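Observations on the model geometry
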Amino acid sequence: MLQNMDHKLKKLIPLKLKNSIKMHMHARRITKGDKKILLYFEKNNIKNAILSCGWRKSGNTWFKFVLYNYFNILINNANKTLTFEELKEHDIGNLEGGYTKPRKPGFPVYYSTHEAYRRIFSYFFRVIFIYRNPLDACLSYYYNRMDRVTNFRGGFPNSEIKKLYDIDYFALYNLPYWIYHYKSTIDKADAVLCYEEMRKNPYSQFHKAFKEAGIEINENALAKSIEMSSFDNIRKMGRETNQRYGAQHPKIFKGEFTRSGKSKQYTGTLKAGTIQKAQKLLNANRIDIVL
């Protein structure tokens, strides 16, 4: 899917219908992993499960920190953020793996995913969609891959790997995937969070998401959780605990997970022509984002 898009993006048109059909056919499936999750819901009478969904490097881990720090404040009167490893311990599962482990008492049934909308989404009580400026997301994803031992191996076609070291090629190669994720998912969500708005006014954005997710809001605890989960505080925690690898595996990831949370990083990195091509592709797909 979309792997044959050429470097120059000669045809700046909406995603090919045949690719969209293939993706939507996949979206209707219930996988073996999905069945495990649904069985867990049924056995435990789970009716209020929450799913957050966002393309890579769009604020997914940030949302997870705010959510779990919030409940950790309420339950354990926490006064500092969870570490990355503690955050992993709180995760009961993810959509990609389909696994589920016992949740900690008092914490919500919460899953996260980088996948676009699939049929399994409809079985969740609430779906929170998170998106970021696509070129910033692609740029952050590029650096994330560059900091892995495997770089671009595992996840990309072998024929594309050499080309993907070119950051402009990487951005244009991944943009259609971002577009499909956005267009197929945003209208299916109960709450939509924009990363840039989350940075500007985090309290109102997280308050909105929590309310839509059916979470009873303690305003003081939410404000404290947001403060504890700030980019600078999470980066400081990662350095002090020797967990700079963050949500990645330490044997594979050799960089710093909290590399940069700034917006419009791409303006000083990508070529003007790349940004123009990206804007044309967004316009062609009727996505109202100005680069």
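Further up the page is the structure itself.
About the thresholds
- Residues numbered from 1 in each chain as written.
- Predicted model: local features only at pLDDT ≥ 70, side-chain atom pairs only at ≥ 80, totals over all residues.
- Heavy atoms only, no water.
- Helix = DSSP H or I, 4+ residues; strand = E, 2+ residues; numbered from the N terminus.
- Buried < 20%, exposed > 50% of the residue type's maximum accessible area, 1.4 Å probe, protein only.
- Contact = heavy atoms within 4.5 Å.
- Areas by Shrake-Rupley, 256 points an atom, 1.4 Å probe, with all protein chains shown as cover.
- Lys, Arg positive; Asp, Glu negative; His and termini not counted.
- Charge placed at Lys NZ, Arg CZ, Asp CG, Glu CD.
- Core = buried A, V, L, I, M, F, W, Y, C linked by side-chain atoms within 4.5 Å.
- Axes fitted to C-alpha atoms, helices over the stretch in contact; angles between N-to-C directions.
- Parallel < 35°, antiparallel > 145°, perpendicular 65-115°, else oblique.
- Nonpolar A, V, L, I, M, F, W, Y, C, P; charged D, E, K, R; others polar.
- Phe/Tyr/Trp six-rings, centres within 6.5 Å; stacked < 30°, edge-to-face > 60°.
- Salt bridge = Lys/Arg side-chain N within 4 Å of Asp/Glu carboxyl O.
- Polar contact = N/O pair within 3.5 Å; in protein donor to acceptor, adjacent residues only side chain to side chain.
- Pairing = 2+ DSSP bridges.

Regarding its fold elements, the protein presents twelve helices and four strands. The dimensions of the protein, computed from C-alpha atoms along their principal axes, are 55 × 40 × 35 Å. Of all 291 residues assigned to the protein, the portion counted as buried reaches 51%. The contacts in the protein between residues at least 6 apart in sequence include a share of 73% that link residues at least 24 apart. Counting only carbon and sulfur atoms, one obtains 49% of the accessible surface of the protein, whose full area is about 14,900 Å². Considering the protein, the positive charge centre built from 50 side chains and the negative charge centre built from 26 side chains are found 7 Å apart.

In this section: the nonpolar core. Phe41, Tyr111, Phe124 and Trp178 are the most contacted members of the largest nonpolar core, which has 50 residues in total. Breaking this core down by element, the ones donating at least two residues are helix H2 (32–43), strand E1 (50–54), strand E3 (126–131), helix H5 (134–146), helix H6 (161–164), helix H7 (167–185) and helix H12 (272–284). Counting 36 residues, the second largest nonpolar core, distinct from the first, contains Phe65, Ile73, Leu87 and Ile234.

Attention now goes to the packing of helix H3 (residues 60–76) against helix H9 (residues 202–212). Two elements in contact, H3 and H9, have axes separated by 12 Å at closest approach and are oriented at 75 degrees. When the axis of H3 is compared with that of H9, the two are roughly perpendicular. Residues Trp62, Phe63, Val66, Leu67 and Tyr70 of H3 touch H9, and the partners they reach there are Pro202, Phe206, Ala209 and Phe210. A per-class count over the contact of H3 with H9 returns nine nonpolar, no polar and no charged.

This part is about the packing of aromatic side chains. For the structure on display, the rule yields 34 aromatic pairs. The interplanar angle of 75 degrees and the centroid separation of 6.1 Å between the aromatic rings of phenylalanine 152 and phenylalanine 156 together place this pair among those described as edge-to-face. Note on phenylalanine 152: relative accessible area 0%, which makes it buried. An aromatic cluster is defined as three or more aromatic residues linked by ring pairs; in this entry it consists of Trp55, Tyr141, Tyr142, Tyr143, Phe152, Phe156, Tyr165, Tyr169, Phe170, Tyr173 and Tyr177.

Here the focus is the pattern of salt bridges. One pass over the structure, following the stated rule, counts six salt bridges. Residue aspartate 91 is joined to lysine 64 by a salt bridge in which the shortest nitrogen-to-oxygen separation is 3.0 Å. Note that aspartate 91 is positioned in the loop between helix H4 (84–90) and strand E2 (110–113) and lysine 64 in helix H3, a separation of 27 residues in sequence. Take aspartate 91: its relative accessible area is 12%, and that puts it in the buried class. Its salt-bridge partner being arginine 118, residue glutamate 115 comes within 2.5 Å of it at the nearest N-O pair. Residue classification places arginine 118 among the buried residues on the basis of a relative accessible area of 4%. Each of Asp34, Glu115 and Arg118 takes part in one network of salt bridges that share partners.

This part takes up the side chain of glutamate 256. With respect to the helices and strands, the residue glutamate 256 is situated in the loop between helix H11 (231–240) and H12. Reaching out from glutamate 256, the side chain makes a polar contact with the side chain of arginine 239 at a distance of 2.7 Å.

The strand order across the open sheet built from four strands is E2-E1-E3-E4, with neighbouring strands paired in parallel fashion. Each end of this open sheet is capped by a strand with a single partner; those strands are E2 and strand E4 (191–194). Neighbour to neighbour, the strand axes of the sheet diverge by 20 degrees on average, direction disregarded. Note that E3 and E4 share four bridges and pair parallel. Each residue of the ladder has a partner; that of isoleucine 130, found in E4, is leucine 193.

Attention shifts here to unusual backbone geometry. Phi at lysine 57 is positive, roughly 55 degrees, even though this residue is not glycine. Relative to the elements of secondary structure, lysine 57 occurs in the loop between E1 and H3. Residues other than glycine seldom take positive phi values, yet arginine 286 does so here, at roughly 55 degrees. Mapped onto the elements of the fold, arginine 286 is located in the segment after H12. Residue arginine 286 is classed as exposed on the basis of its relative accessible area of 79%.

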